[in-house]
Amino acid sequence: MRRPYREIFEFFIDNFKTYKPLLSAIKNEYEVTLAHQKKTIRALEPLKAMVTTASEECTQQILALQEKEKDEINMLKQEKQCLLKFIDNIKEEKNSLQTQVEHLQTSVAEEYTRYLNEYGARKLLLAKLNDMRNEQLDMTRHQVQDIKGEDVVKLTLALKVAQQDLTKAQVKLNTMIADYGDVVPRRDFESLEKKYSDLLQEMKTLQKDFDQLHKEYETLLEIHRETAEERDNFCAELQRVQCNYTPRPNWPKCSEVIPGGADRWGCLAEGKSSDQLVDVLLEEIATGALKEINVFPGWGKGDKVPVYLRHEGEVKNKKLTKKDVVNILKDVWKEKIALEQQTGKRSSLPEFFLSYLQKKYGDATAMEWSYTLYENMRLCRSNHVLSSFYNILTGKVGEQQYHGQNQLISNLQKELAACDSSNSGSLTSKQFSMALREAFPLKRKESIQELVDASRYKLDSTEDLIDYISLFKEDEEGNAEPFVAKLRSQYVREKQEYLKQLKSKLGDVIEVKADDLKGAFCTIDPDIDDQMVDTYIGLAYQVQREQPGQEVVPVETTLERLLAGDVRRVGPSPREQSMAGFEGE
């Protein structure tokens with residue numbers, strides 16, 4: 001390959017005799033440099049093979065570890081199911097024993113009552129037998145006296161002695177009645193004491209239940225108040241919309257003017273609302289007009305002009321397709337993430353965007369590519385790849401939100417793959433729903449059902465297997481499946497609800513301090529840690545973690561900054577916890 005150049009260079013040396021020594025020196029220096037480069041390449045060949053071998057070994061080790069962890073996870077899940085069954089059996093046995101104890105207590109009480117009655121009856125019978133025996137003895141004595149005769153004096157003395165004994169007994173009886181008239185039997189006292197203890201314990205339990213119910217009542221009352229307020233707002237908004245609504249457009253007419261006809265318009269309009277269809281129609285009109293523009297006017301080189309648009313004069317339009325724009329932006333993200341992982345530092349997207357275009361297309365045409373990409377991103381707002389890059393590039397949204405959404409989707413893919421024990425790429429609706437609950441424990445049941453419905457939009461009602469791998473695919477223009485779109489919309493909606501609770505907790509204040517904002521975060525999200533709170537405070541006040549912001553910032557500015565960043569709830573809200581406890585009771 002270099003021989004023709006060498007021969008041409010020697011020809012120049014022979015013909016230009018005046019510069020022959022200088023050209024010969026240049027040629028020799030080139031030859032020495034090329035020889036040195038060849039030697040360096042030969043020396044690095046074994047190192048390249050070694051790096052390749054080490055990479056393959058690391059890949060195999062990673063796969064082996066993943067397979068081992070997968071088996072351990074399955075074994076732990078089986079052990080969990082066995083323990084749950086064992087706990088259920090113990091609870092059933094406990095209930096059975098409790099029933100037997102209650103039955104035995106009832107039986108013992110009945111036997112005790114029966115024995116007590118029998119004891120009283122026997123005492124009465126013995127007293128009656130003694131009376132009958134005494135009467136029999138008296139009759140016998142009278143008969144003997146009648147036979148033998150009685151001494152009148154002796155009977156008189158016996159009568160006096162009996163009267164004295166009767167008087168003593170009467171006095172003693174009156175004394176005992178006076179001393180023990182208010183005393184109850186020990187058996188009755190112990191019975192009443194036990195009954196009092198039972199009633200006291202029952203009263204404490206009822207008081208505790210009453211306090212819990214009162215607390216839940218206060219919570220439900222607060223929820224009812226907020227719900228009534230939301231209902232009133234929705235009613236007012238509904239009345240306003242009903243007064244201002246217009247007839248629904250006949251959207252199929254657009255297929256007559258859209259390139260590609262009815263088929264392409266059907267693909268573009270599938271599953272979109274009227275507002276989204278307006279955006280799609282405007283994009284089609286704008287992109288069609290953009291292709292007819294040959295040059296863009298430069299924005300100038302002022303300080304207020306973004307660094308990637310600083311140019312004087314006209315800029316040529318590259319007339320890219322949406323597919324080309326999507327591929328370029330994805331490559332920008334890929335290169336930026338790789339550079340940040342290599343250096344360990346975050347770089348500014350506008351500056352990296354310009355450096356990437358200059359490195360790939362040269363300084364001369366970098367601005368042409370920059371202006372063309374910028375105009376396509378500005379017009380195509382329904383495409384997630386273009387709109388998210390545009391919002392981050394212009395500073396409307398923080399870059400952390402983009403990485404946060406990607407991490408959310410990546411975690412869900414790992415959870416679904418972990419539930420797919422057969423590696424078939426499909427899950428049943430029940431398995432898919434359980435995987436969603438494991439990946440998103442804070443989502444409501446309605447949100448989980450929305451994701452399940454979005455995953456089944458192509459399935460018949462009789463099919464139960466969901467191809468979860470195809471849910472994360474994108475078409476050539478970067479448009480995601482409805483499942484991923486629903487996941488992203490829920491991310492935005494949940495963040496807005498989180499910040500709405502934060503604003504409600506702050507009250508009607510116009511400005512807020514960092515300590516007050518931190519307290520509000522800890523109140524609406526009790527499980528949040530100090531590191532995460534410091535991150536949110538730094539995002540709201542545009543300061544570092546080690547610089548606690550003591551300045552006062554307007555509440556609206558704080559909420560706008562938090563809305564632009566990656567702000568998410570860490571744990572369940574106090575309202576949801578109380579509702580879960582109420583449902584458990």
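Residues numbered from 1 in each chain as written. Predicted model: local features only at pLDDT ≥ 70, side-chain atom pairs only at ≥ 80, totals over all residues. Heavy atoms only, no water.

## Some remarks on the overall build of the chain
Move 1: The helix and strand tally for the chain stands at 18 helices and six strands.
Move 2: Relative to its 585 residues, the chain shows a buried fraction of 25%.
Move 3: A separation of at least 24 residues holds for 62% of the contacts in the chain among residues at least 6 apart in sequence.
Move 4: Total accessible area on the chain is roughly 42400 Å²; 56% of this is exposed by carbon and sulfur atoms. (Helix = DSSP H or I, 4+ residues; strand = E, 2+ residues; numbered from the N terminus. Buried < 20%, exposed > 50% of the residue type's maximum accessible area, 1.4 Å probe, protein only. Contact = heavy atoms within 4.5 Å. Areas by Shrake-Rupley, 256 points an atom, 1.4 Å probe, with all protein chains shown as cover.)

## Quick notes on the side chain of Asp525
Move 1: One can find Asp525 in the loop between α15 (514-524) and α16 (530-541).
Move 2: The exposure class assigned to Asp525 is buried, which follows from its relative accessible area of 0%.
Move 3: Among the polar contacts listed, one links the side chain of Asp525 to the backbone nitrogen of Val570, at a separation of 2.8 Å.
Move 4: Contact partners of Asp525, with chain neighbours within four places excluded, come to Tyr498, Arg569, Val570 and Gly571. (Polar contact = N/O pair within 3.5 Å; in protein donor to acceptor, adjacent residues only side chain to side chain.)

## Examining the nonpolar core
Move 1: Formed by 36 residues in total, the largest nonpolar core has its most connected members in Leu329, Phe353, Leu386 and Phe389.
Move 2: Elements with a minimum of two residues in this core: α7 (322-343), α8 (349-361), α9 (366-379) and α10 (384-393).
Move 3: Looking at this core, the element that brings in the most residues is α9, giving eight residues.
Move 4: Among all residues touching Phe353, those that are not within four sequence positions of it are Tyr308, Leu329, Val332, Ser370, Leu373, Phe389 and Leu393.
Move 5: Among the nonpolar cores identified, the runner-up in size contains 22 residues, and Phe432, Ile448, Val452 and Ile466 belong to it. (Core = buried A, V, L, I, M, F, W, Y, C linked by side-chain atoms within 4.5 Å.)

## Describing a nonpolar patch on the surface
Move 1: A cluster of nonpolar side chains, Ile8, Phe11, Phe12, Phe16, Tyr19, Leu22, Ile26 and Tyr30, forms an exposed patch at the surface whose accessible area comes to about 860 Å².
Move 2: Elements with a contribution of two residues or more to the nonpolar patch: α1 (3-15) and α2 (20-148). (Patch = residues over 30% accessible without salt bridge, like charges linked within 9 Å, V, L, I, M, F, W, Y side chains within 5 Å. Salt bridge = Lys/Arg side-chain N within 4 Å of Asp/Glu carboxyl O.)

## Overview of unusual backbone geometry
Move 1: Positive phi values are uncommon outside glycine, yet Lys319 reaches one of about 55 degrees.
Move 2: Note on placement: Lys319 falls in the loop between β2 (314-316) and α7.
Move 3: Phi is positive for Asn423, which is not a glycine, with a value near 55 degrees.
Move 4: Note that Asn423 resides in the loop between α11 (399-419) and β3 (426-428).
Move 5: The exposure class assigned to Asn423 is exposed, which follows from its relative accessible area of 57%.

## Here's the deal with the pattern of salt bridges
Move 1: Under the definition given, this model contains 21 salt bridges.
Move 2: The shortest N-O distance in the salt bridge between Arg225 and Glu222 comes to 2.4 Å. A residue pair is termed a helical-turn pair when its members lie 3 or 4 positions apart in one helix, as Arg225 and Glu222 do in helix α4 (residues 186-244) at three residues.
Move 3: Note on Glu222: relative accessible area 35%, which makes it partly exposed.
Move 4: As a salt-bridge pair, Arg568 and Asp566 come within 3.2 Å of each other at their nearest N and O atoms.
Move 5: Residues joined in a network through salt bridges with shared partners are Lys336, Glu340, Arg346 and Glu399.

## Re helix α14 (residues 482-506)
Move 1: Along its 25 residues, α14 runs 36 Å from first to last C-alpha, staying within 8% of the 36 Å computed at 1.5 Å per residue.
Move 2: Those residues of α14 not exposed but buried are Phe483, Val484, Leu487, Arg488, Gln490, Tyr491, Lys495, Tyr498, Leu499, Leu502 and Leu506. (Expected span 1.5 Å × (residues − 1).)

## Describing the packing of aromatic side chains
Move 1: In this structure the tally under the stated criterion is 12 aromatic pairs.
Move 2: Within the aromatic cluster, the residues linked to one another by ring pairs are Trp299, Tyr308, Trp333, Phe353, Tyr374, Phe389, Tyr390 and Tyr402.
Move 3: We note Lys443 situated over the ring of Phe440; from NZ or CZ to the ring centre the distance is 5.2 Å. (Phe/Tyr/Trp six-rings, centres within 6.5 Å; stacked < 30°, edge-to-face > 60°. Lys NZ or Arg CZ within 6 Å of the ring centre and 35° of its normal.)

## Focus: the packing of α15 against α16
Move 1: For the pair α15 and α16, interaxial distance at closest approach is 10 Å and the crossing angle is 135 degrees. If you check the angle between α15 and α16, you find them oblique. Regarding α15 and α16, the two cross each other, and that crossing is right-handed. On the side of α15, the interface is formed by Ala514, Leu517, Lys518, Phe521 and Cys522, while α16 contributes Val533, Asp534, Tyr536, Ile537, Ala540 and Tyr541.
Move 2: For the contact of α15 with α16, the per-class residue count stands at nine nonpolar, no polar and two charged. (Axes fitted to C-alpha atoms, helices over the stretch in contact; angles between N-to-C directions. Parallel < 35°, antiparallel > 145°, perpendicular 65-115°, else oblique. Left-handed = near helix turned anticlockwise from the far one by under 90°. Nonpolar A, V, L, I, M, F, W, Y, C, P; charged D, E, K, R; others polar.)

## Quick word on the packing of α8 against α9
Move 1: Relative to each other, α8 and α9 sit at 130 degrees, their axes nearing to 8 Å. Accordingly, the angle class assigned to the pair α8 and α9 is oblique. In terms of crossing hand, the pair formed by α8 and α9 is right-handed. Across the interface between the two elements, Phe353, Leu354, Leu357, Gln358 and Tyr361 from α8 touch Ala366, Met367, Trp369, Ser370 and Leu373 from α9.
Move 2: Residues that form the contact of α8 with α9 fall into these classes: eight nonpolar, two polar and no charged.

## Regarding a negative patch on the surface
Move 1: Among the surface-exposed residues, Glu67, Glu69, Asp71 and Glu72 lie close enough to one another that they form a single negatively charged patch.
Move 2: Locating Glu67 in the fold gives a position in helix α2.
Move 3: Looking at Glu67, the relative accessible area reads 44%, which means it is partly exposed. (Lys, Arg positive; Asp, Glu negative; His and termini not counted. Charge placed at Lys NZ, Arg CZ, Asp CG, Glu CD.)

## A short note on the confidence of the model for the chain
Move 1: Averaged over all residues, the pLDDT of the chain is 82; the fraction at 70 or higher stands at 88%.
Move 2: The element-level mean pLDDT for the chain is lowest in helix α18 (residues 574-584), coming to 53, with α8 highest at 90.
Move 3: Across residues 545-549, confidence stays below pLDDT 50; counting only partners more than four residues off in sequence or on other chains, it has five contacts.
Move 4: Confidence over residues 580-585 falls short of pLDDT 50; this stretch has four contacts with residues more than four positions distant or in other chains. (pLDDT = per-residue confidence, 0-100.)

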